[in-house]
Every structure is written in C-alpha cells, then in structure tokens.
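What the coordinates show
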Amino acid sequence: MNSTTDPTLRSFLDVAPDSPFPIQNLPYGVFRRDEDETGTLGVAIGDYVLDLKVVDDFGGFDTPALRDTDAFQRRTLNDFMALGKTAWDEARACVQRLLRADEPFLRDHPQLREMALVRQSQVEMLLPAAIGDYTDFYSSKEHATNVGVMLRGPDNALQPNWLHLPVAYHGRSSSVVVSGTDVRRPCGQTRADNAEAPTFGPSRSLDFELEMGCFVGPGNPLGVPIPVSRAADHLFGMVLVNDWSARDVQRWEYVPLGPFLAKNFATSISPWVVPFAALESFRCAGPAQQPPPLPYLRTAGDQAFDIQLEVFLETAAGDRHRISRSNFKFLYWNVCQQLAHHASNGCNLRPGDLLATGTISGPTPDSYGSLLELAWKGTKPLTLGKEKRVFLEDGDRLTLTGWCQGSGYRVGFGEVTGRILPAEA
C-alpha cells in the first residue's frame, strides 16, 4: 500500500468522510486572502488551506531537496514543479507529517495554527501556475468515434492516424482561467448549410468538454526527447478542465489546420492540483491498445486511474441537473504516452505547461463528455425540467467535478465551474 494514501491516516483537523481534501490527498494551489495580495502557495486539507510560506518560514521543509530552495516563497507553483519528483515526495511527506493527528507541531500551538491555517471560504483561489504553453489532446476513443460518425459516418469514424498516435493541437495559454470565472459567448465566422457565404456573429452552438489536465514538472531541453519510461517523472499533478467550444465556428474554420477561434476564447481549470502520489492507490488498467503502439509509446503496467467524473448544468432559472457521468479510465491514450509523444520530436516542455486530455467520453450515452454527443448533434435534445438543451444558453452554469473513492475517504479535485455571459455587444 502507498503509505501516503493509507486509509488509517488521520489529521488533527476534523475532515468529513466525503470531503474531497483529506490527509490522503493534499493538493497544491495558489490563494490570496484579499484582493490586495498576490498569490501564496497552499495545500488543501478539509475546509482549510495550509499556508506553505508560513510552514517554510518555520523550518517545516528541512529536507535535502528542499532546504535550499525558495520555491515556497513564490507566487505560483512553477518553481516547485521544476524541482522534480524527489522534492515533491519530500514536501508531501513534510506536509502530511505536520497535519497528522499524532504530530504536536501545529496541533498544540494555537498561534502557529492561526498563522498557517485559513478557511477556504475566506480565500480567493488563483491559477496554480504561470502557464507558458497549453496543449489539448484528443485521447478518448469513444469521443473521437462519436464525432467521426457525425462528420464522416460509421465506416470512416476514426482518421487513419488516430490508433497510432495521441492526436493534439496547441491551445492558447493566455485564455486559461480559474474555476468561477464567467465565460463570455464568443463571436466568430460561421456558414449555414444552405448559405453560399459565411456570416459573423455570436456562436449559436456553444459547448463544454469534460477533460482533465496534467501540469508538467521539470521538462526537457530543446531537442532532447523524454522517453515514455520516464514520462511520469515529468508529470506534477492533475486538474479538471473544461475546454469550452464553439461548435459552429469550429465546423467552418477547422479545415485544414484544426481548432482556432472556436477553442481559444476560454479554457477553465480547477484551482487544486492533485499530485500523482495521491492517485497511486487508484491505478487501474486502461483500454487495450490495438494495434500495439510503436515502441517509443509502449508503456507497462496500469497507466489509467479510476477517477469518477460528473457534469452538472444549472440553468439561469436555478435548476441544476446532472447531465453526464464518466471516468478517467476510459481514455485510450494515457498521460505518459501523451507527454512522451509531445516531446518525441525534441519539443521542449517547461514547468507549468498544461497538457489536457481531450474530452473524456464513456461507452454509454449518459457518459458522453460534451453536449455535441449528449444531444447527438442536436437530434436528441436534453430535457432539463421545463427546458431543453442542444447547446449552452446565456446564463447557464457548467460544473465539472471528479474524485477517487477510497476506503472511508475520497481523493477529490474539487470542481471547475463557469457561467455563460452574453456575447459582447
């Protein structure tokens, strides 16, 4: 058993069994107490945030890989991500020890607890990293097949390359936003089926995509690939991702170079980065890969994770409906293959780069990860009480959540949420 996710571990803080942030999790984030502050690094524990700067100031990270770094004094997680796996493991062990029920350092010092612990309800969460580059993959076979059937028919659903490499496109890092940020309906160029010429205006087919994302750790120099066997050493942790998509804009613009304005107006991520060490107990087998990948993409052992995913749509009237249940384990291409392929040509990945998985759809209609699939290109509208949806309407709020269920605890990602605002006049 992974000792850091031992179900018998307990914190001196009262943490509810259904809390996403028990001592077995300890995700990293960046927070501020008021608008005049810049970011401070923290770890979520129950309803609290542990201030890592305070822990560092009191000598809480006196380990070989951490004692000479100022990464915990920074305003983003980038420098900590750059330190690598040994430093990540040491930091996790330090934080877990400080929060244990049998450790008096914080537990028995009220003044130190007052400085180091703040309720999550009293802070604002910021983006966890300065994201230099953002890449979005297309790694769910079910999603790719569904979209292919809609576009090309069942006999030609997957493109010839799809079963041989993790397809991806480069997104726009400047428009990655943290959960809770409103998303304005984009304008773009579209062309109706019966029209000879395109028009410009607000998207009428605004969609979400249920995804997850990995933050890159140390990365690689330009020209030096990362072997798939070492890819895990370069993956810091995971977040929830909503890749907002304007389907009508995408349909017109994607030939021949793929997504552009249909995707780059906003991508939302959850604020807490769950380290892979917290997910080890939830490893499982992913889909069988046939034909076998080329040698540079072959991985051994269980490379998927049993992460339960849900999507909720709340209408402007306040009615909230769960519209999808999926699971991370459905991904055909795993995250190590994604990173290794990305760097296989010598592309240099850097600390804080974000790699999104692509839409995570399951094998059944209730597990599809987008409205394009759930409403099947508009032919099967979703019924939401007295309303119906084919695509998102102004005032709709989307919430994505995810967690791994342990024995008496869960390792959760929190949520990523965003509300649709009308297009800019």
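Read on for an overview of the structure.

Topic: the overall build of the protein chain
Summing up its helical and strand segments, the protein chain has nine helices and 26 strands in all. Since a compact globule built from 425 residues should have a radius of gyration of about 22 Å, the 22 Å found for the protein chain is in line with a globular shape. Expressed as lengths along the three principal axes of its C-alpha atoms, the size of the protein chain is roughly 70 × 50 × 40 Å. In the protein chain, the proportion of contacts linking residues at least 24 apart, taken out of those at least 6 apart, comes to 72%. For the protein chain, the exposed surface amounts to about 18,400 Å²; the carbon and sulfur share of it is 51%. Measuring between centres, the 40 positive side-chain charges of the protein chain sit 4 Å from its 51 negative side-chain charges.

Regarding the sheet that holds strand E21 (residues 320-327)
Pairing is mixed across the open sheet formed by five strands, whose spatial order is E9-E26-E25-E20-E21. A single partner strand is all that each edge strand has here, and the edge strands are strand E9 (183-184) and E21. Where E9 and strand E26 (residues 410-421) come together, two bridges link them in parallel fashion. The partner of Val-183 across the bridge, within E26, is Ile-420.

Some points on the pairing of strand E1 (residues 28-32)
Along E1, five of the five residues are buried, which leaves the element largely enclosed by surrounding structure. Neither face of E1 is left uncovered, since the one carrying Tyr-28, Val-30 and Arg-32 and the one carrying Gly-29 and Phe-31 both have all their residues buried. Where E1 meets strand E2 (residues 40-45), four bridges bridge the pair, whose relative direction is antiparallel. The partner of Phe-31 across the bridge, within E2, is Thr-40. Alignment of E1 against strand E5 (residues 124-126), held across three bridges, turns out to be antiparallel. Of the residues in E5, the one forming a bridge with Arg-32 is Glu-124.

Considering helix H6 (residues 141-152)
Think of an α-helix as turning once every 3.6 residues; residues three or four places apart then point the same way. Counted at 1.5 Å a residue, the expected span for H6 with its 12 residues is 16 Å, and the 15 Å between its end C-alpha atoms agrees. As for H6, its buried residues are in contact with helix H9 (371-374). Remark: Gly-153 follows H6 within two positions and exhibits a positive phi of approximately 95°.

Quick word on the packing of aromatic side chains
Taken as a whole and assessed by the stated rule, the structure comprises 13 aromatic pairs. Relative to Phe-236, the ring of Phe-80 lies with its centre 5.6 Å away and its plane at 85°, an arrangement referred to as edge-to-face. Here Phe-236 lies in strand E14 (residues 235-242) and Phe-80 lies in helix H2 (residues 78-83), a separation of 156 residues in the sequence. Like Phe-236, Phe-80 is buried.

Quick word on the pattern of salt bridges
Under the definition given, this model contains 25 salt bridges. Note that Asp-62 is salt-bridged to Arg-67, the shortest N-O span being 2.8 Å. Asp-62 sits in the exposed class, given a relative accessible area of 54%. Taking the relative accessible area as the measure of exposure, Arg-67 reaches 45% and is therefore partly exposed. We note a salt bridge from Asp-193 to Arg-251, for which the minimum N-O separation is 2.5 Å. Placement of the pair is Asp-193 in the loop between strand E10 (187-190) and strand E11 (199-202) and Arg-251 in helix H7 (residues 247-253), with a sequence separation of 58 residues. We classify Asp-193 as exposed; its relative accessible area is 63%. Its relative accessible area of 49% is what places Arg-251 among the partly exposed residues.

Regarding the sheet that holds E2
Read from one edge to the other, the open sheet built from five strands follows the order E4-E3-E2-E1-E5, with strand pairing classed as antiparallel. In the strand order of this sheet, the two ends are held by strand E4 (117-119) and E5, each with one partner. Strand-to-strand twist across the sheet, computed as the mean angle between neighbouring axes with direction ignored, equals 45°. Running over the sheet, helix H3 (residues 85-99) touches E1, E2 and strand E3 (48-51) and is turned about 65° from E1.

Some thoughts on the side chain of Thr-417
Its location among the elements puts Thr-417 in strand E26. Using a relative accessible area of 10% as the deciding quantity, one classes Thr-417 as buried. Sequence-distant contacts of Thr-417, that is, excluding residues within four places in its chain, are made with Ser-179, Gly-180, Thr-181, Arg-397, Leu-398 and Thr-399.

Analysis parameters
- Residues numbered from 1 in each chain as written.
- Predicted model: local features only at pLDDT ≥ 70, side-chain atom pairs only at ≥ 80, totals over all residues.
- Heavy atoms only, no water.
- Helix = DSSP H or I, 4+ residues; strand = E, 2+ residues; numbered from the N terminus.
- Rg over C-alpha atoms; globule rule 2.2 N^0.38 Å.
- Contact = heavy atoms within 4.5 Å.
- Areas by Shrake-Rupley, 256 points an atom, 1.4 Å probe, with all protein chains shown as cover.
- Lys, Arg positive; Asp, Glu negative; His and termini not counted.
- Charge placed at Lys NZ, Arg CZ, Asp CG, Glu CD.
- Pairing = 2+ DSSP bridges.
- Buried < 20%, exposed > 50% of the residue type's maximum accessible area, 1.4 Å probe, protein only.
- Expected span 1.5 Å × (residues − 1).
- Phe/Tyr/Trp six-rings, centres within 6.5 Å; stacked < 30°, edge-to-face > 60°.
- Salt bridge = Lys/Arg side-chain N within 4 Å of Asp/Glu carboxyl O.
- Axes fitted to C-alpha atoms, helices over the stretch in contact; angles between N-to-C directions.

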